[in-house]
Every structure is written in C-alpha cells, then in structure tokens.
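One-letter residues, chain by chain:
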Amino acid sequence: MSLPHAILTALVERPSSGLELTRRFDRSIGYFWSATHQQIYRELGRLEADGLIRTLPAPRPARGQRKCYEVLPAGRAELARWTAAAQDPKPQRDVMLLRLRAAAVVGTAGIEEDLRRHLDLHERQLAEYEEIEERDFPPGRDSAEDRLRHLVLRAGIDLETFWTGWLRHALAEFAALSAATGPAPSPGVPDPAASPGEPRSPGRTGASGGSVRPGGPGGAGGPG
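Residues numbered from 1 in each chain as written. Predicted model: local features only at pLDDT ≥ 70, side-chain atom pairs only at ≥ 80, totals over all residues. Heavy atoms only, no water.

Strand order in the open sheet made by the three strands is 1-3-2, with antiparallel pairing throughout. Of all strands in the sheet, those bounded by a partner on one side alone are strand 1 (16–17) and strand 2 (53–55). Of the strand pairs in this sheet, strand 1 and strand 3 (residues 68–71) are connected by two bridges, and their pairing is antiparallel. Bridging from a neighbouring strand, Ser-17 pairs with Cys-68 of strand 3. In the packing of helix 3 (residues 37–49) onto the sheet, contacts are made with strand 2 and strand 3, and the angle to strand 2 comes to roughly 105°. (Pairing = 2+ DSSP bridges. Helix = DSSP H or I, 4+ residues; strand = E, 2+ residues; numbered from the N terminus. Contact = heavy atoms within 4.5 Å. Axes fitted to C-alpha atoms, helices over the stretch in contact; angles between N-to-C directions.)

Listed below in structure tokens is the structure:
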C-alpha cells in the first residue's frame, strides 16, 4: 500500500493536478517508487473516494480544466500513521545475481556483454543523481526537510556507487576467467576442448564455484 502514501506525500508537499503529479513522480519520487500515470490517476480517485484528498474548487470553472488535489486532515493523519509504523526490509530479488549463479553450471556465454551494459546504465544513473545533488542541495541548504530529502538522494548515490563498483569487480573476474580458460563458446557451439560425444564441462566457463547469495541492495532500476 505504498503508492497511495507516496501520492499523499507529494500532495502534502504541494497541491497538484494529476498531470503535475505524474511529472513530479517522473522527476523525483519515481526514482525510488515508480508508478505508471494510469496507476497514479486511479489511486487519486480512490484517495478522493476515501476522504483523504479533495479536488480544489476552481477559481474560474472552465471546460477541460485540470482538477487540482490537496490533502485533507484525514489524509495527513493516515500518512503520519503509516510513516511511524514499523516495517521489515523486503527480501532482495535480482535477476542478474540469479543469472550469475546459473552461469556457474551452464556457462557464461552472453553474461559479460550484459554486465558491461548494466555498468553503463548504473554509471549514467549515478551521474544523474550527482547532478541533482549539486543542483538541489548546495552548501547551506540544511533545513530539516532538505536534510531528509538529501538523505533519500544519498541512498540512491550510495547504491549506484555500490553497483558500479561491484560490476567492475565482476568484469575483472570474467577477464581473469577468460585468461585462464579461454573465452566462453557461443550457445550451441561445441567446446573444441571436449572429446567427441563428451558434453562440455560447465565448470570451465562458470562464473564462480561458490555460492552467490542475492542479498545486496539494488540501485534505482537495479542491475536486473
């Protein structure tokens, strides 16, 4: 039930029309809690029906005018209740980590190229976050609201920093594996080192003989 609370947060910060709200999600909240425009509009209707928000009266009623929403006292109380309630961390699920575990038994063909693509995506996201930090949180912006919002942004920066570092380490491991065993053959191409009729040994190109436990954090968009 976090999407309605994300919408309540945005509307407490500033009353907005549905269109303005979708744009604000795309620029800020959507980095860590994404939602489609359709989901946002549907949730606005539910929040209004539940008496948590209302449509502001238009100063000059006009055909096709956008409705602007504000939070009612009941909505603010619900947001405060939800914010204060304890919640457990969610178990991490990451496709890339699962693919690496599978590569240990079926071979690494195709994985290295995708790791490079993920690294590029995370480097771009990190650069975007750092640009936002420089623009929106210059020295001296130290109100309680600014410090908490900056803390959220720092989580994104730290997670992207983690993933870029981990992906570089993973690529270095692949380079070491390739130097030791040769490049991974393409899917469907027999391993020339295998005897006729002998299946290719997956251990020759596996990512790791050890256990990969997907428990690390995923960045905005995650590497999977």
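Here the narrative resumes, following the displayed structure.
Our next topic: the packing of aromatic side chains. Inspection of the entire model under this criterion finds three aromatic pairs. With centroids separated by 5.4 Å and ring planes inclined at 80°, the aromatic side chains of Tyr-31 and Tyr-129 adopt a geometry described as edge-to-face. One end of the pair, Tyr-31, is in the loop between helix 2 (18–27) and helix 3; the other, Tyr-129, is in helix 6 (residues 111–136), with 98 residues separating them in the sequence. A relative accessible area of 22% places Tyr-31 in the partly exposed class. Seen in terms of ring centroids, Trp-163 and Trp-166 are 5.4 Å apart; in terms of plane orientation they differ by 85°. Their pairing is edge-to-face. (Phe/Tyr/Trp six-rings, centres within 6.5 Å; stacked < 30°, edge-to-face > 60°. Buried < 20%, exposed > 50% of the residue type's maximum accessible area, 1.4 Å probe, protein only.)

Interaxial distance between helix 2 and helix 3 falls to 10 Å at its minimum, and their mutual angle equals 130°. Comparing the axis directions of helix 2 and helix 3 gives the class oblique. The handedness of the crossing between helix 2 and helix 3 is right-handed. For the pair formed by helix 2 and helix 3, the contact residues are Gly-18, Leu-19, Leu-21, Thr-22, Phe-25 and Asp-26 on the first element and His-37, Ile-40, Tyr-41 and Leu-44 on the second. In terms of residue class, the contact of helix 2 with helix 3 is made up of six nonpolar, three polar and one charged. (Parallel < 35°, antiparallel > 145°, perpendicular 65-115°, else oblique. Left-handed = near helix turned anticlockwise from the far one by under 90°. Nonpolar A, V, L, I, M, F, W, Y, C, P; charged D, E, K, R; others polar.)

For side chains of opposite charge, pairing can occur when their charged atoms come near one another. Enumeration over the complete set of coordinates arrives at 15 salt bridges. Ionic pairing is found between Asp-136 and Arg-135, a salt bridge with its closest N-O pair at 2.8 Å. Overall, Arg-135 belongs to the exposed group, its relative accessible area being 55%. One network of salt bridges, in which partners are shared, links Glu-13, Arg-24, Glu-145 and Arg-149. (Salt bridge = Lys/Arg side-chain N within 4 Å of Asp/Glu carboxyl O.)

Judged by nonpolar contacts, the single largest core of 18 residues is most densely connected at Ile-7, Leu-11, Leu-21, Phe-25, Leu-44 and Ile-53. Of all the secondary structure elements, the ones that give two or more residues to this core are helix 1 (2–13), helix 2, helix 3 and strand 3. Sorting elements by how many residues they give to this core places helix 1 first, with six residues. Counting residues in hydrophobic clusters, the runner-up holds 10 residues, among them Met-96, Leu-100, Ile-111 and Phe-174. (Core = buried A, V, L, I, M, F, W, Y, C linked by side-chain atoms within 4.5 Å.)

This next bit is on a positive patch on the surface. A contiguous patch of positive charge, built from Arg-14, Arg-23, Arg-27 and Arg-66, is present on the exposed surface. By the secondary structure assignment, Arg-23 is in helix 2. Residue classification places Arg-23 among the partly exposed residues on the basis of a relative accessible area of 44%. (Patch = residues over 30% accessible without salt bridge, like charges linked within 9 Å, V, L, I, M, F, W, Y side chains within 5 Å. Areas by Shrake-Rupley, 256 points an atom, 1.4 Å probe, with all protein chains shown as cover. Lys, Arg positive; Asp, Glu negative; His and termini not counted. Charge placed at Lys NZ, Arg CZ, Asp CG, Glu CD.)

Taking 1.5 Å as the rise per residue, helix 6 with 26 residues should run 38 Å; its terminal C-alpha atoms sit 37 Å apart, in good agreement. Listed in full, the buried residues belonging to helix 6 are Ile-111, Asp-114, Leu-115, His-118, Leu-119, His-122, Gln-125, Leu-126, Tyr-129, Ile-132 and Glu-133. Buried-residue contacts for helix 6 involve helix 5 (95–106) and helix 7 (144–181). (Expected span 1.5 Å × (residues − 1).)

Moving on to the packing of helix 1 against helix 4 (residues 73–84). Close contact between helix 1 and helix 4 brings their axes to 10 Å; oriented N to C, the two are set at 120°. The angle between helix 1 and helix 4 falls in the class oblique. Classified by chirality, the crossing of helix 4 by helix 1 is left-handed. Two secondary-structure elements touch here, helix 1 through Ser-2, His-5, Leu-8, Thr-9 and Val-12 and helix 4 through Gly-75, Arg-76, Glu-78, Leu-79, Arg-81 and Trp-82. Counted by class, the contact of helix 1 with helix 4 contains four nonpolar, four polar and three charged residues.

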